[in-house]
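# Summary of structural features
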Amino acid sequence: MRRAIIITLAIFLSSLACAQAAEPAAREPYGIALEGFAYPYPVHLLPLVNDGEQVRMAYMDIAPAQPNGRTVVLLHGRNFPSSYWAPVIKTLSDAGYRVIVPDQIGFGKSSKPQGDLHFDTLARNTIALLDHLGIAKADIVAHSLGGMLGVRIARAYPDRIVHLALTAPIGLEDYRLYVPPTPTEKILENEDKLTADGYRKQLETNYALKLPPEQVTPFIDARFNIKGSAEYPRWLRAFVSSAQMIYREPVAHEIPLITQPTLFVMGADDHNAPGRANAPEALRAKMGQNAELAKALAARMAKGRAEVVPNTGHLVFLEASGKYNELLLGFLAAP
């Protein structure tokens, strides 16, 4: 009898162990500097001081096998870690460019500051990075929010920037003309309530994504695995500060004043307009006519040009990589 009990208990414990082994282990939360989220190249950190606060700016620095003597700085968007530039990094590196890929303060693997974010501060940080690396002049390739920052850098430091390639930039219109001010606490509340499924639908809708779902999942992970971090509230406030920066610090009026050769590469289906959901319904349809806005702005610039890629959304460099690479390399090679 005792032997039978022992055998039964052994079978039970063995079954329990197998069941536990079959269950996937709980995923460790990412840190708010995306600890646990892999980048495609080594990440370095540059100490900076922003508004009296000590911060560290993360960046990748990729050297080409056969240098052409040129450097390109890639500027990321608001909802994406700079790792999403990986295909463009390879294209540029293969063409001989040194590629510098920072995470702006408040984003990715960089520090999340206590204070508000400002484009002027991010611009100074980016130039400080070039100074640290001994780079006198560079080309800028920017996406989404990075396009607004690229405009500010080109205007504030015209002698440092050779070419400016704006990839599906936002900020081609002044969103304050359509959207009333929204309190920071309200945005915090809305962002905190957002679910992973809701965020995926938000990206698919706002950005007219043409990517397969599995290619979007890393963006979902980068946003939602952070929620398990003890410092998540600080990350969330920095993320919301970036939304207020977009709204409060428009650059549309500066774009026609840019003197450097400038290329807009727009997805024909990209009608992204930050804050549209908070605009009066009668005004929403007028927002986000991005391809037309880019063409109109390019026509007012000394050296502007706009290219619209059909059947493509906000992530044009991932959705139409062949056409995008062709346009980008041709533009950078031109005087």
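Above: the structure in question.
This one's a predicted model, so the numbers in the text were calculated from it and none came from an experiment. (Residues numbered from 1 in each chain as written. Predicted model: local features only at pLDDT ≥ 70, side-chain atom pairs only at ≥ 80, totals over all residues. Heavy atoms only, no water.)

### What about the pattern of salt bridges?
We count it as follows: Any Lys or Arg side-chain nitrogen located within 4 Å of an Asp or Glu carboxyl oxygen qualifies as a salt bridge. Runs of H or I in DSSP of at least four residues are treated as helices and runs of E of at least two as strands, each being numbered from the N terminus. Summary of the burial criterion: residues with accessible area below 20% of their type's maximum are buried, those above 50% are exposed, and those between are partly exposed, where the area comes from a 1.4 Å probe applied to protein chains only.
Here the structure, examined in full by the defined rule, presents 16 salt bridges. Here Arg-155 and Glu-254 are joined by a salt bridge, their closest N and O atoms 3.6 Å apart. Taken as a pair, Arg-155 in helix α4 (residues 145–156) and Glu-254 in the loop between α8 (232–248) and β7 (262–267) lie far apart in primary sequence, 99 residues in all. One salt bridge in this structure joins Glu-191 and Arg-223, with 3.0 Å as the shortest N-O distance. Of this pair, Glu-191 sits in helix α5 (residues 184–193) while Arg-223 sits in helix α7 (residues 213–224); the two residues are 32 residues apart in sequence, bridging distant segments of the chain. Note on accessibility: Glu-191 and Arg-223 belong to one class, buried. Ionic contacts of the salt-bridge type, sharing partners, join the residues Asp-120, Arg-152, Arg-155 and Glu-254 into one network.

### Describing the sheet that holds strand β1 (residues 44–50)
What counts, and what does not: Two strands form a pair only when DSSP identifies at least two bridges running between them. Here an axis means a line fitted to C-alpha atoms, over the contact stretch when the element is a helix, while the angle between two N-to-C directions is reported on a 0 to 180 degree scale.
Judged by pairing direction, the sheet is mixed, and its eight strands sit side by side in the order β1-β2-β4-β3-β5-β6-β7-β8 without closing on themselves. Lying at the two open borders of the sheet, with one neighbouring strand each, are β1 and β8 (304–309). Strand after strand, the sheet turns through a mean of 20° between neighbouring axes, direction not considered. Pairing geometry for β7 and β8, over six bridges, is parallel.

### A word on the layout of surface pockets
Operational definition: Here a cavity denotes a set of grid points, spaced 1 Å apart and computed over the protein atoms alone, in which a 1.4 Å probe fits but from which it cannot get out, and a pocket denotes an open set meeting protein on both sides within 12 Å along at least five of seven lines; residues with an atom within 4 Å of a point are reported as lining. Grid points are joined across faces, edges and corners, and a volume is the space filled by probe spheres set on the points. Residue type decides the class: Asp, Glu, Lys and Arg count as charged, Ala, Val, Leu, Ile, Met, Phe, Trp, Tyr, Cys and Pro as nonpolar, and the leftover types, Gly among them, as polar.
Estimates place the volume of the largest pocket at around 850 Å³. If you trace the largest pocket, you find 30 residues lining it, with Arg-78, Glu-191, Asn-206, Pro-274 and Gly-275 closest to the centre. Broken down by secondary-structure element, the contributors of at least two residues to the lining of the largest pocket are α5, α6 (196–206) and α8. At five residues, α8 tops the list of elements feeding residues into the lining of the largest pocket. Among the residues forming the lining of the largest pocket, the class breakdown is 17 nonpolar, 10 polar and three charged. By volume, the second largest pocket amounts to about 230 Å³. Lining the second largest pocket are 16 residues, with Ala-33, Arg-56, Ser-110, Ser-111 and Lys-112 positioned closest to its centre. Here the element with the most residues in the lining of the second largest pocket is strand β2 (residues 53–62); it accounts for four residues.

### Looking at unusual backbone geometry
Although it is not a glycine, Asp-51 sits at a positive phi angle of roughly 50°. Summarising the element assignment, Asp-51 is placed in the loop between β1 and β2. With a relative accessible area of 64%, Asp-51 lands in the exposed category. We note that Ala-208 has phi near 50°; this positive angle belongs to a residue other than glycine. In this structure Ala-208 comes out as buried when scored by relative accessible area, which is 15%.

### Concerning the packing of aromatic side chains
Let me state the cut-off plainly: Geometry of aromatic contacts follows a simple scheme: Phe, Tyr and Trp rings, the Trp one being its six-membered ring, pair when their centres are within 6.5 Å, and the pair is stacked under 30 degrees between planes, edge-to-face over 60, tilted otherwise.
Counted by the stated rule, this structure contains 13 aromatic pairs. On the basis of an interplanar angle of 20° and a centroid distance of 6.0 Å, the ring pair of Tyr-232 and Trp-235 is categorised as stacked. Here Tyr-232 pairs with Trp-235, and both are found in helix α8, just three residues apart, close to one helical turn. Judged on exposure class, the residue Tyr-232 and its partner Trp-235 are both buried. Taken together, the ring pairs in this structure connect Phe-80, Tyr-84, Trp-85, Tyr-207, Phe-219, Phe-317 and Tyr-324 into an aromatic cluster.

### Some points on helix α3 (residues 119–133)
Here is the rule we go by: Helix span is expected to be 1.5 Å times the residue number reduced by one.
Along its 15 residues, α3 runs 21 Å from first to last C-alpha, staying within 8% of the 21 Å computed at 1.5 Å per residue. When α3 is considered as a whole, its buried residues turn out to be Phe-119, Thr-121, Leu-122, Ala-123, Asn-125, Thr-126, Ile-127, Leu-129, Leu-130 and Leu-133. Following α3 by one or two positions, Gly-134 adopts a phi angle in the positive range, close to 70°.

### Observations concerning empty space enclosed by the protein
Counting across every chain of the model gives one cavity of 30 Å³ or more. The wall of the largest cavity is formed by 17 residues, among which Arg-78, Asn-79, Gly-108, Ala-222 and Trp-235 lie closest to the centre. Elements with a minimum of two residues in the lining of the largest cavity: α7 and α8. Considering each element in turn, the lining of the largest cavity owes the most residues, three residues, to α7. Tallied by class, residues from the lining of the largest cavity come to 11 nonpolar, three polar and three charged.

Purely geometric numbers; function is a separate question.
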